[in-house]
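# Breakdown of the fold
Read off the chains here:
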Amino acid sequence: MLLLKNFNKLLCIIIFLFFTSHISALTRDSIILEDSYFTENSKKLKIERFEAISPLYKIKKNYDGYYLKDIFKFKNIDILKLDVVTFEAKDGFKISIPASFINENNPFLSIRDTSLANGKNWEEVKDGGRIIDGGPYYLMWDLKKYKVPENYWAFGVVKILFQSFKETYGESIPENTSNKKIMQGFQIYQSSCSGCHSVNLVGGTLGLEMNVPKNFTEYLSKKFIISYSKSPSSYRANAKMPPQHFLTVNEINLVISYLEAMKFNKICNTDDSCQKITLKK
Ligand code: HEC
């Protein structure tokens, strides 16, 4: 009897915990990064210093900012309860990173380059065919310890989203999830291409849609996709796409396998029907 009573109590606690964790997940499914986000009832998150050679600035620099783990702690966000964390940038770049990867590698969210004078926070640089800067927030990783996909170094971050795997990747998930080659390609596409490109209208908006109404592989040759990925500016002056020099030809071929699979899995087939879906988003 005593056991039963305790069991009921335990069940109530579990249900309650589930319920509250659900509420907090709902109220925090995205955060807009304003200065006020790091302040709470006159308490402020402490600013740390971080040294990095970023893909954007390419030389060793010191930055002020916050460790993501400290931000989550400050805001009572349990990273272990999340599937994926998505970082959205001001230019339409959008990268989704597995929560487990963030938990293991503890990235840093920089708010300013400490080497600049006159109250300037960020320096402008030429990147492909664009002039850009790292701000307002630049997600950085400790290269001494970890191997990190270049696209995980997200600059210009303005928003962080917390969603499930399904919500994050939605219609870009391939149908045949048991095919190893397709799934490997999907994973490489996610970490290397989806920041800018979209498949079935899921992904970044800086690059081009790759699947609807026409799939890349329906009008571009494999040879072109590989060669363009390696060196966009050999085809187009001022290409905005950076060369994907960190990917091997085999890895780009896997991305192509994923794209080829997606052409049988389109969410729309005409400009009209695709626009309707875009407008709904
Ligand atoms: C930083 C953003 C960015 C990333 C990352 C990126 N692209 Fe691109 N891509 C673009 C943009 C923007 C264009 C349009 C042309 C241009 O400005 O380069 C483009 C164009 C292309 C084209 C030419 C398409 C055509 O119709 O001419 C191919 C092929 C391509 N991307 C493949 C890839 C693949 C494969 C990956 C991942 C391995 C990738 N891109 C990653 C931004 C990006």
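Residues numbered from 1 in each chain as written. Predicted model: local features only at pLDDT ≥ 70, side-chain atom pairs only at ≥ 80, totals over all residues.

## Concerning the nonpolar core
Looking at soluble globular proteins, one finds that nonpolar side chains tend to be buried together. Counting residues in each nonpolar core, the largest one holds 46 residues, and the members touching the most others are Ala154, Val157, Val255 and Tyr258. The greatest single-element share of this core, amounting to seven residues, is contributed by helix H8 (residues 249–262). Two domains each put at least three residues into this core: domain 1 (30–163) and domain 2 (169–280). When neighbours within four sequence positions are excluded, Ala154 is seen to be in contact with Phe87, Ala89, Phe93, Ile95 and Leu139. (Core = buried A, V, L, I, M, F, W, Y, C linked by C-beta atoms within 7 Å. Buried ≥ 20, exposed ≤ 12 C-beta atoms within 10 Å, placed from the backbone. Helix = DSSP H or I, 4+ residues; strand = E, 2+ residues; numbered from the N terminus. Domains from an automatic or database assignment. Contact = placed C-beta atoms within 7 Å.)

## A short note on the site of the ligand
The environment of the ligand is formed by 22 residues, the closest being Cys193, Cys196, Gly207, Ala239 and Met241. Broken down by element, the residue count for the shell around the ligand peaks at three residues, all from helix H7 (residues 222–230). (Near = placed C-beta within 6 Å.)

## Considerations on the environment of Arg112
Among the structural elements, Arg112 can be located in strand E8 (residues 108–113). Sequence separation of Arg112 and Tyr137 is 25 residues, and the distance between their C-alpha atoms is 7.8 Å.

## Some words on helix H5 (residues 180–192)
Because each turn of an α-helix spans 3.6 residues, side chains separated by three or four positions in sequence point in the same direction. Across its 13 residues, H5 extends 18 Å between first and last C-alpha, which sits within 8% of the 18 Å expected from 1.5 Å per residue. Among all positions in H5, only Ile182, Gly185, Phe186, Ile188, Tyr189, Gln190 and Ser192 are buried. In this structure, the buried side of H5 is in contact with strand E7 (94–98) and H8. (Expected span 1.5 Å × (residues − 1).)

## Some thoughts on the pairing of E8
Taking burial as the measure, the six residues of E8 include five buried ones, the bulk of the element. Both strand E5 (residues 60–67) and E8 contribute to a ladder of five bridges, which runs antiparallel. Across the sheet, Tyr66 pairs through a bridge with Leu109, a residue of E8. Of the strand pairs in this sheet, E8 and strand E11 (residues 138–140) are connected by three bridges, and their pairing is antiparallel. (Pairing = 2+ DSSP bridges.)

## Considerations on the environment of Lys69
Relative to the elements of secondary structure, Lys69 occurs in helix H2 (residues 68–74). Judged by the 16 C-beta atoms lying within 10 Å of it, Lys69 is partly exposed. Distance from Lys69 to Asn106, taken between C-alpha atoms, is 6.2 Å for residues 37 residues apart in sequence.

## Thoughts on the sheet that holds E8
Strands sit in the order E4-E5-E8-E11 across an open sheet of four strands; the sheet is antiparallel. Strands with a single pairing partner mark the edges of an open sheet, and in this sheet they are strand E4 (48–53) and E11. Shown here is a sheet whose adjacent strand axes are inclined to one another by a mean of 50°, direction ignored. Relative to E5, E4 is paired through six bridges, and the arrangement is antiparallel. Its bridge partner lying in E5, Phe50 is registered against Tyr63. (Axes fitted to C-alpha atoms, helices over the stretch in contact; angles between N-to-C directions.)

## A few points about the sheet that holds strand E1 (residues 30–32)
Taken together, four strands build an open sheet; the order of strands is E1-E12-E6-E7 and the sheet is antiparallel. At either margin of the open sheet sits one strand with a lone partner, and together these are E1 and E7. This sheet shows a mean twist of 20° between the axes of neighbouring strands, independent of strand direction. Strand direction decides the pairing type here: strand E6 (residues 84–89) and strand E12 (residues 157–163), joined by six bridges, are antiparallel.

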